[in-house]
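# Overview (structure and organization)
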Amino acid sequence: MGSIRTGSRVPIPTGPTTPNGGSQFQYVDTGINFDMRSVAEIGQELSLNLTADVSSVADAKDPNLHEPVIRQNRWQAAVLVPIGKPTVVFTSDSLDSPSNLRVSMTATSLP
């Protein structure tokens, strides 16, 4: 079992600005999280159960919308990755642009 976490805590206003300039915030975690389970080397391939969770704050397209929109892609599957070969294990269309999101991994055999 293993995990990789990287991200930011984004402040989201939850109340009006006070007369002394203070504000109330709630923080939302954004970033990329990977969880690996049931990892086994089978011949020249690595078998594992992989969960990828990617979240971000979307660009504000509507000037009347003041609340942030959080985008999230979550994927979970059993994957088989050839050792030493970069392999795309997840792909998803972007909701905001014609691009897409890809998760690629390269399995390396340890001596």
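Let me sum up the structure you'll find in this document. Being a predicted model, the structure only gives us computed values, none of them experimental. (Residues numbered from 1 in each chain as written. Predicted model: local features only at pLDDT ≥ 70, side-chain atom pairs only at ≥ 80, totals over all residues. Heavy atoms only, no water.)

## Side note on the sheet that holds strand S1 (residues 2–13)
In space, the four strands of this open sheet follow the order S1-S2-S3-S4, with antiparallel pairing throughout. Of all the strands in the sheet, just S1 and strand S4 (70–82) have a single pairing partner and so form its edges. Neighbour-to-neighbour, the strand axes of this sheet turn through a mean angle of 10°, independent of strand direction. Pairing analysis gives 10 bridges linking strand S2 (residues 25–42) to strand S3 (residues 45–57), with the strands arranged antiparallel. In the sheet register, Asn33 faces S3, and the bridge partner there is Asp53. (Pairing = 2+ DSSP bridges. Helix = DSSP H or I, 4+ residues; strand = E, 2+ residues; numbered from the N terminus. Axes fitted to C-alpha atoms, helices over the stretch in contact; angles between N-to-C directions.)

## A short note on the pattern of salt bridges
One pass over the full model with this rule turns up three salt bridges. In this structure, Arg9 engages Asp29 in a salt bridge whose closest nitrogen and oxygen atoms are separated by 2.8 Å. Highlighted residues: Arg9 in strand S1 and Asp29 in strand S2, separated in sequence by 20 residues. Of the two residues, Arg9 and Asp29, both sit in the exposed class. One salt bridge in this structure joins Asp53 and Arg74, with 3.3 Å as the shortest N-O distance. Taken together, the residues Asp53 in strand S3 and Arg74 in strand S4 connect sequence positions 21 residues apart. Residue class for Arg74 comes out exposed when judged on its relative accessible area of 55%. (Salt bridge = Lys/Arg side-chain N within 4 Å of Asp/Glu carboxyl O. Buried < 20%, exposed > 50% of the residue type's maximum accessible area, 1.4 Å probe, protein only.)

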